[in-house]
Amino acid sequence: MRKLISLAAGAGLLLTAGTAAAADEVTLQLKWVTQAQFAGYFVAQDKGFYEEAGLDVTIKPGGPDIAPPQVIAGGGADVIIDWMPSALASREKGVPLVNIAQVFKKSGMMLTCRKDSGITSPADFKGRTLGVWFFGNEYPFLSWMAKLGLPTDGGPEGVTVLKQGFNVDPILQKQADCVSTMTYNEYWQIIDAGLSADDLIVYKYEDQGVATLEDGLYVLEENLQDPAFVDKMARFVAASLKGWDYAKNNVEEAADIVLENDETGAQTEKHQRRMMGEIAKLLEGSAKGLGYLEPGDYDRTVDTLLANASTPVITKKPEGAWTHAVWEKANGM
């Protein structure tokens, strides 16, 4: 009997090992550090959605020195999260990225200004110092300034651009009149640092008509010629969207899962739960469902980028920069 049990146990171990070996490996490169901005992927992993889809997913955190397009171009990831302006600029420069799913329907980007600076509308930006993120995040800002007719090289008729680090110190220390913020992150860092909402005035890119698409999933175009890769990505997208659906309906639990995956220990429960609540607002609005790239949103993003003639993000309309094939397969279409 003992021998039979031992044989059965051995067979079980072999079966488990075989199942694990059969899982398709996927490496996802995040755009930034581990935080609720990427909760859907951590939830999909934690809840076993990837495993159920036959996937072994590695999630790689980003950071200030990590450019997702460079990572995927160098073979360090199968799929990346990036903002569309950055992805389209990379495509024009020779990294053929293709959007396979658009998770964030709305933009969370804002310019947050101190009221005591005297700024009451975008017309007051002239002659001011504005904090701007770079590394691909500056493109929406440059397009907005072009729309306003404001040069970005300083001077009384333009704006002075302060290369903003990934913190809000410039506005706290009055080094800048306004700084770049996200609805779900840096704005609340300003609040937590001691300024109140009454001390601030915010300009959402959505409201200014210059919003561009943010967190989307991108792969290299050449890989989409492989049916096995397309199948793997369809399963990845389906499981990820399942994770996102769970996250937006279970905000506190999703934030807690993110915290469990934060190896730095830098994130706090208060900030991550608040962030997850704001992120959930950016997922809504697609007529066909979560992750569907609306062609009209894509066209608006391209038009916004092309409107910046003085500092072009892209010089021509891209061809083949997105596909619905993976999303449709993920949704059984």
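Residues numbered from 1 in each chain as written. Predicted model: local features only at pLDDT ≥ 70, side-chain atom pairs only at ≥ 80, totals over all residues. Heavy atoms only, no water.

Engineer: Where do I start with the side chain of glutamate 186 in this structure?
Structural biologist: Along the chain, glutamate 186 turns up in helix H8 (residues 186-192). Of the side chains with opposite charge, arginine 274 comes closest to the buried, unpaired glutamate 186, at an N-O distance of 11 Å. For glutamate 186, the side chain forms a polar contact with the main-chain nitrogen of methionine 182, separated by 3.1 Å. The contact partners of glutamate 186, leaving out residues within four places of it in the chain, are Trp133, Val168, Ser180 and Thr181. (Helix = DSSP H or I, 4+ residues; strand = E, 2+ residues; numbered from the N terminus. Buried < 20%, exposed > 50% of the residue type's maximum accessible area, 1.4 Å probe, protein only. Lys, Arg positive; Asp, Glu negative; His and termini not counted. Salt bridge = Lys/Arg side-chain N within 4 Å of Asp/Glu carboxyl O. Polar contact = N/O pair within 3.5 Å; in protein donor to acceptor, adjacent residues only side chain to side chain. Contact = heavy atoms within 4.5 Å.)

Engineer: Looking at this structure, how should I read the packing of aromatic side chains?
Structural biologist: What describes a pair of aromatic rings is the distance from one ring centre to the other and the angle between the planes of the rings. Taken as a whole, this structure holds nine aromatic pairs when the rule is applied. An angle of 5° between the planes, with centres 5.4 Å apart, marks the rings of tyrosine 50 and phenylalanine 236 as stacked. Here tyrosine 50, found in helix H3 (residues 49-52), pairs with phenylalanine 236, found in helix H9 (residues 227-249); they are 186 residues apart in sequence, far enough to count as distant. Comparing tyrosine 50 with phenylalanine 236 shows no difference in burial state: the two are buried. On the numbers, 5.6 Å between centres and 85° between planes, the contact of phenylalanine 125 with tryptophan 144 is edge-to-face. Of this pair, phenylalanine 125 sits in the loop between strand S5 (109-114) and strand S6 (129-132) while tryptophan 144 sits in helix H6 (residues 139-148); the two residues are 19 residues apart in sequence, bridging distant segments of the chain. As far as burial versus exposure is concerned, phenylalanine 125 and tryptophan 144 are alike and both buried. Cluster of aromatic residues (ring-pair linked, three or more members): Phe125, Trp144, Tyr203 and Tyr205. A cation sits over an aromatic face here: lysine 163 above phenylalanine 134, 5.7 Å from the ring centre. (Phe/Tyr/Trp six-rings, centres within 6.5 Å; stacked < 30°, edge-to-face > 60°. Lys NZ or Arg CZ within 6 Å of the ring centre and 35° of its normal.)

Engineer: Explain the pattern of salt bridges to me, please; I cannot follow it from the model alone.
Structural biologist: Pairs can form between side chains of opposite charge whenever their charged atoms are close. Per the stated rule, a full pass over the model turns up 20 salt bridges. Its salt-bridge partner being lysine 270, residue aspartate 192 comes within 3.8 Å of it at the nearest N-O pair. Residue aspartate 192 is located in helix H8, and its partner lysine 270 is located in helix H11 (residues 269-283); the two are separated by 78 residues in the primary sequence. For aspartate 192, a relative accessible area of 44% puts it in the partly exposed group. Note that arginine 273 is salt-bridged to glutamate 252, the shortest N-O span being 3.3 Å. With arginine 273 in helix H11 and glutamate 252 in helix H10 (residues 251-261), this pair connects stretches of sequence that are 21 residues apart. One salt-bridge network, held together by shared partners, links Glu252, Asp256, Glu269 and Arg273.

Engineer: Explain the nonpolar core to me, please; I cannot follow it from the model alone.
Structural biologist: Most often, soluble globular proteins keep nonpolar side chains buried together rather than apart. Formed by 74 residues in total, the largest nonpolar core has its most connected members in Tyr41, Phe125, Leu217, Phe236 and Trp244. Top element by residues in this core is H9. It accounts for 10 residues. Once residues lying within four places of it in the same chain are set aside, the contact partners of leucine 217 are Leu28, Tyr41, Val79, Ile80, Ile81, Val98, Asn99, Ile100, Ala101, Val103, Phe236 and Val237. Residues Ile80, Ala87, Leu97 and Ala321 belong to the second largest nonpolar core, which totals 21 residues. (Core = buried A, V, L, I, M, F, W, Y, C linked by side-chain atoms within 4.5 Å.)

Engineer: Looking at this structure, how should I read the packing of helix H5 (residues 84-92) against helix H12 (residues 295-306)?
Structural biologist: Relative to each other, H5 and H12 sit at 70°, their axes nearing to 11 Å. Judged on the interaxial angle alone, H12 and H5 are roughly perpendicular. As for how H5 packs across H12, the hand of that crossing is right-handed. Here Met84, Pro85 and Leu88 of H5 lie close against H12, whose contacting residues are Tyr298, Thr301, Val302 and Leu305. For the contact of H5 with H12, the class distribution of residues is six nonpolar, one polar and no charged. (Axes fitted to C-alpha atoms, helices over the stretch in contact; angles between N-to-C directions. Parallel < 35°, antiparallel > 145°, perpendicular 65-115°, else oblique. Left-handed = near helix turned anticlockwise from the far one by under 90°. Nonpolar A, V, L, I, M, F, W, Y, C, P; charged D, E, K, R; others polar.)

Engineer: I'm lost on the state of the cysteines in this one. Help?
Structural biologist: Here a disulfide denotes one covalent bond, and it connects the sulfur atoms of two cysteines. Throughout the structure, instances matching the rule amount to one disulfide. Through a disulfide, cysteine 113 is tied to cysteine 178; the S-S separation comes to 2.2 Å. As the torsion about the S-S bond is roughly 100°, the cysteine 113-cysteine 178 disulfide counts as right-handed. Here cysteine 113 is found in strand S5, whereas its partner cysteine 178 is found in strand S8 (residues 178-182), with 65 residues between them in sequence. Accessibility classification places cysteine 113 together with cysteine 178 in one group, the buried group. (Disulfide = S-S within 2.5 Å.)

Engineer: Explanation requested: the confidence of the model for the protein chain in the structure shown.
Structural biologist: Any region with low pLDDT has predicted coordinates that should not be read closely. The share of residues in the protein chain with pLDDT of 70 or more is 92%, and the mean pLDDT across the chain is 91. In this model residues 1-20 is a low-confidence stretch, pLDDT under 50, and it forms zero contacts with partners more than four residues away in sequence or in other chains. (pLDDT = per-residue confidence, 0-100.)

Engineer: Mind showing me how you'd approach H5 here?
Structural biologist: Think of an α-helix as 3.6 residues a turn; residues three or four steps apart then line up on the same face. Of all nine residues making up H5, eight are buried, and the element is well covered by its neighbours. Restricting attention to buried positions, one finds in H5 the residues Met84, Pro85, Ser86, Ala87, Leu88, Ala89, Ser90 and Arg91. Turning to H5, the residues buried within the fold contact helix H4 (68-73), strand S3 (79-82), strand S4 (97-102), H6, strand S10 (216-220) and H12. Backbone geometry just after H5 places glycine 94 at a positive phi near 115°.

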